[in-house]
Amino acid sequence: MSNPQETWNRLRAGADGLHAPNDTDMDRPVAAVLRCADAKMAGAGVFGQPAGSLVDLSSWGLTVDTSVLAGVDFAVETAEVPLIVVLGHDDCAAIRAAVKAWNHAELPDGAMRAAVEGVLMSLVGRGASVESHAHVAAAHAVETGLSLLKRSPALTHRVDNGTCGIVCATYDGAVLRVHATMGDVRDASTALVECV
Ligand SMILES: [Zn+2]
């Protein structure tokens, strides 16, 4: 079984368009990716991985709800993946809605409201500048990673014992940027805010 760092190196190489080694037992997923429901590209496309090789979790605005937590618990407990990637993105409708809510005190109705409130909490929690959607998206990816860690005891246990890591990143259609890592995983190309 791969460790968090080897798994991230494989995904990073795929995202950078490099040839990814094809030495993984394909009976098991390589990693899990939580992405935003309005992202143009799923994790397999972003990371250059074969279809079906990732546990693909999505929610609008990266909302962490029971469904997402169940998917994370499945990924780490049953599929035993060594890595969870939280993947924000540019031109995100949820980030736009949160910035609009911040600037105009105007929240959407219905279930979208909780997602926008989640982005606003991240914005406040990390002191992100509302002037930059990319900055808000980065802050929200990091806060979402921390939220998964807080709310999934199964994930916390595996991050603590080194068998799983978390990478919080954003993708703009061309470049993957890592904003934080948790557990025994690092990204060589980025100056990181290490959260754990
Ligand atoms: Zn989005």
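For the structure itself, look to the data block above.
Below, the structure is looked at part by part. Note that the structure is predicted; figures quoted are calculated from it, not measured. (Residues numbered from 1 in each chain as written. Predicted model: local features only at pLDDT ≥ 70, side-chain atom pairs only at ≥ 80, totals over all residues. Heavy atoms only, no water.)

A short note on the coordination of the zinc ion
Geometry sets the ideal angles at a metal, namely 109.5 degrees for four tetrahedral donors and 90 or 180 degrees for six octahedral donors.
And step 1. Binding of the zinc ion to the protein goes through Cys36 (SG), Asp38 (OD), His89 (NE2) and Cys92 (SG), at separations of 2.0 to 2.4 Å.
And step 2. The coordination sphere of the zinc ion comprises 4 donor atoms, whose angles at the metal cover 80 to 120 degrees; the geometry is irregular.
And step 3. Each donor residue of the zinc ion lies on the same chain, and together they follow the pattern C-x1-D-x50-H-x2-C. Here His89 lies in strand E3 (residues 83-89) and Asp38 lies in the loop between strand E1 (31-36) and helix H2 (43-46), a separation of 51 residues in the sequence. (Donors = N, O, S within 2.8 Å, 3.2 Å for Na, K, Ca; no water. Tetrahedral: all angles 85-135°; square planar, octahedral: opposite > 155°, others 65-115°. Helix = DSSP H or I, 4+ residues; strand = E, 2+ residues; numbered from the N terminus.)

Considerations on the pattern of salt bridges
And step 1. Counted by the stated rule, this structure contains 10 salt bridges.
And step 2. A salt bridge links Asp109 to Arg113, with the shortest nitrogen-to-oxygen separation between them at 3.6 Å.
And step 3. With relative accessibility at 62%, the residue Asp109 sits in the exposed group.
And step 4. A residue is classified by how much of its surface remains accessible, and Arg113, at 33% relative accessible area, is partly exposed.
And step 5. One salt bridge connects Arg177 with Asp172, and the closest N-O pair in it is separated by 3.2 Å.
And step 6. Residue Arg177 is classed as partly exposed on the basis of its relative accessible area, which comes to 42%.
And step 7. Within the structure, one salt-bridge network assembled from shared partners comprises Arg12, Asp16 and Asp187. (Salt bridge = Lys/Arg side-chain N within 4 Å of Asp/Glu carboxyl O. Buried < 20%, exposed > 50% of the residue type's maximum accessible area, 1.4 Å probe, protein only.)

Coordinates in, geometry out; function isn't part of it.
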